Amino acid sequence: MPPTVPTFAGLPNDDANNVAEPQQPGREPVSATELAQQVAALLSRHVTDVVLCPGSRNAPLALALLARRDIRVHTRLDERSAAFLALGMARVKRRHVAVVMTSGSAVANTLPAVVEAHHAHVPLVVLSADRPERLVGTGAPQTIQQQGIFGDFAQTTQIATAEDVMYVSQRLTQDTVVHLNIALDVPLVGDEPPVEPTDFTQRLAPAPRPVNHGEVEVDLSRNTLVIAGDEAWEVEGLQDVPTIAEPSAPAPYHPVHPLAAGVFRRDHVSANDYVVNTKVEQVVVVGHPTLHRGVLALLSDPDVELVCLSRTADFTNPRGDKARLGTTVKVTGEPSRDWLKICDGASRIGADAVRENLAKEDFGFTGLHVAAAVADTLAVEDSFFVGSSNPVRDASLVGLPFDGVETHSPRGAAGIDGNVSQAIGVALAVQSRDADLPRAPRTVALVGDVTFLHDIGGLLIGLDEVRPENLTIVVANDDGGGIFETLEQGGEAFRGQFEKAFGTPHGAQLAELCAGYGVDHVAVTTPQELLDTLADLKERSTGITVVEAKTTRATRRALNEALHAQAGF
């Protein structure tokens, strides 16, 4: 049975087949033009930006949105990239950005972005045009069942009359991911385009508020470690606790390197003829950590007390009812000097392992070297988008997060899809936020080659569209799936099948591809070349520049093993 559509007072719904009932008295239909204008007017009270995809059925919406001077409209040809572009902008704006498309499979193309938005709790509106109910299921062209199309990821609000429009504000102030499905009947356009409305939104309505799950008591005199992931925030009372923070979390005051995670599961370690008690007694999870196996093992350790904090309806909690849940903490005690020294020492060992192995010529030029060069050239007030797979893990290993660098990463569903479009969305949102500056603030993105190719269509930006003014996209190109080199399937026993199933070399010529999209391209083959290129672009970059770092994955497994061996954990 298809997912049901939420029923609001006065909004008909049929739970059996997800198709609205016939119009009731008092719910007279209006023209497509009028309905679209009403939706656009209401939407303007909640959003500043809309990404529009061309189409016929959504023509009334397109014209209504373009007539308004209080909404910025960006146009993209591909609905999948458009939705991820909206998602990237929403990450910076922290309020809804809408993507608008025609009916049929166009709506289905936005599902990947909806999934990421749902799991990352990033505000997003899918505004889909639809045919009238009488045509659904009749074989009409470009007509599918759009109500409930996103299942649990986003409920559908069906809009067919002026009365239905009033429920849009309710959705946009309460729900993070919203699907507005607007049934538009012919004629779709009038004889003239709509005139500019006289109303103008100057103060936006509030966005959905964080969830408060209450207070949890935490005794900091016990050996305590904070694990901060995506969606983390600075929790009052925990600022002095040693913290393993992922790149998109706030920079901690007492950072702990992720390679040190293993030591905290051991009762003790020996160092310089001393036996040191290194066992962590309690872990406080803030947000949504996902990156490192050693770190995540701490969350599942039955000998470690677990406290999980969240400001959304969801918790990262592998222990079920054995964990204590909340949003704020009431702390007693404070970390002991010995515990702070143990955490600092373990962290330095992990950081030294990375730095020393990067200096060895045996490993060549790897993705980890690329992340280190990018990290070395980031500056305060930069924005940084780091893609899924190896890049975000590498960024963590080389020391991110950095204080003063606004970092975004798609850690909701942790997919590689739409990363280029999201990076562009971040850059556009940052430059519109700081539009008064003489030069657009710098946005740097770090992605892998497979991730880049997966969404290279995101580079397609129309000639009359607003473009990023200062975006550098660094592509660590090891010609395939480098992350699999470090996993179980990268072992010697699977080498016969590895390249076909996991390595997947592609041989793509990134320079030619970038030229086709009208994007500047620079290739580098050594860490120093990359450092020099990034330093140069930092001073003079305009528009979008793709920096292709031609790396190797042949040594990646050996490098990973060397890091863990030297860290000793």
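All of these numbers come straight from a predicted model, not from anything done at the bench.

(A) Examining the domain arrangement of the protein chain more closely. Structurally, the protein chain comprises domain 1 (32–183), domain 2 (215–347) and domain 3 (361–567). A separation of 30 Å is found between the C-alpha centroids of domain 1 and domain 3. Carbon and sulfur atoms supply 57% of the area that domain 1 and domain 3 bury against each other, a total of about 1800 Å² over both sides. Considering only the surface of domain 1 that becomes buried against domain 3, Arg76, Arg91 and Val92 emerge as the three largest contributors, covering 31% of it. In this assembly, domain 1 and domain 3 are joined by two salt bridges. Here domain 1 is connected to domain 3 by six residue pairs in polar contact (both at pLDDT 80 or more). Sorting the residues of the side of domain 1 that touches domain 3 by element identifies β2 (72–75), α3 (79–93) and α5 (111–120) as the ones contributing at least two each. The element best represented in the side of domain 1 that touches domain 3 is α3, accounting for ten residues. Classifying every residue of the side of domain 1 that touches domain 3 gives ten nonpolar, five polar and six charged.

(B) Here's a closer look at the layout of surface pockets. The volume enclosed by the second largest pocket comes to roughly 570 Å³. Contributions of two or more residues to the lining of the second largest pocket are made by α8 (293–300), α11 (390–397) and α17 (556–567). Residues belonging to the lining of the second largest pocket are distributed by class as follows: nine nonpolar, seven polar and six charged. Both domain 2 (215–347) and domain 3 (361–567) contribute no fewer than three residues apiece to the lining of the second largest pocket.

(C) Structural context of the pairing of β2. Taken together, the four bridges between strand β1 (residues 49–52) and β2 define a ladder with parallel strand orientation. Residue pairing across strands places Val50 opposite Val73, the latter belonging to β2. Viewed along the sheet, the connection from β1 through helix α2 (residues 59–66) into β2 turns out right-handed.

(D) Quick peek at the sheet that holds strand β12 (residues 282–286). Reading across the sheet, the five strands line up as β9-β8-β12-β13-β14 and stay open at both edges, with parallel pairing between neighbours. Sheet topology places β9 (243–245) and β14 (324–326) at the edges, where each strand pairs with a single neighbour. Ignoring strand direction, the axes of neighbouring strands in this sheet form an average angle of 15°. The pairing of strand β13 (residues 305–309) with β14 spans three bridges and is classified as parallel. Paired with Val307 across the bridge in β14 is Arg324.

(E) How the structure looks around helix α12 (residues 419–433). Relative to the 21 Å expected for 15 residues at 1.5 Å per residue, α12 spans 21 Å between its end C-alpha atoms, a close match to the ideal helical length. Among the 15 residues in α12, 13 count as buried, and that is most of the element.

(F) Just the packing of aromatic side chains, in detail. One pass over the structure, following the stated rule, counts three aromatic pairs. Each ring, one from Phe498 and one from Phe502, has its centre 5.9 Å from the other, and the planes form 40°; the classification is tilted. Note that Phe498 and Phe502 are positioned in helix α14 (residues 495–503) at a spacing of four residues, about one turn of the helix. The exposure class of Phe498 is buried, given its relative accessible area of 0%. One aromatic cluster in this structure is built from Phe484, Phe498 and Phe502. Its end group placed over the ring of Phe498, Arg495 keeps NZ or CZ at 4.2 Å from the ring centre.

The rules behind the values
- Residues numbered from 1 in each chain as written.
- Predicted model: local features only at pLDDT ≥ 70, side-chain atom pairs only at ≥ 80, totals over all residues.
- Heavy atoms only, no water.
- Domains from an automatic or database assignment.
- Buried area = accessible area lost by both parts, 1.4 Å probe.
- Salt bridge = Lys/Arg side-chain N within 4 Å of Asp/Glu carboxyl O.
- Polar contact = N/O pair within 3.5 Å; in protein donor to acceptor, adjacent residues only side chain to side chain.
- Helix = DSSP H or I, 4+ residues; strand = E, 2+ residues; numbered from the N terminus.
- Nonpolar A, V, L, I, M, F, W, Y, C, P; charged D, E, K, R; others polar.
- 1 Å grid on protein atoms, 1.4 Å probe; cavity = no way out; pocket = protein on both sides within 12 Å on 5 of 7 lines; lining within 4 Å.
- Points joined across faces, edges and corners; volume = space filled by probe spheres on them.
- Pairing = 2+ DSSP bridges.
- Right-handed = clockwise from strand over helix to strand, strands pointing away.
- Axes fitted to C-alpha atoms, helices over the stretch in contact; angles between N-to-C directions.
- Expected span 1.5 Å × (residues − 1).
- Buried < 20%, exposed > 50% of the residue type's maximum accessible area, 1.4 Å probe, protein only.
- Phe/Tyr/Trp six-rings, centres within 6.5 Å; stacked < 30°, edge-to-face > 60°.
- Lys NZ or Arg CZ within 6 Å of the ring centre and 35° of its normal.

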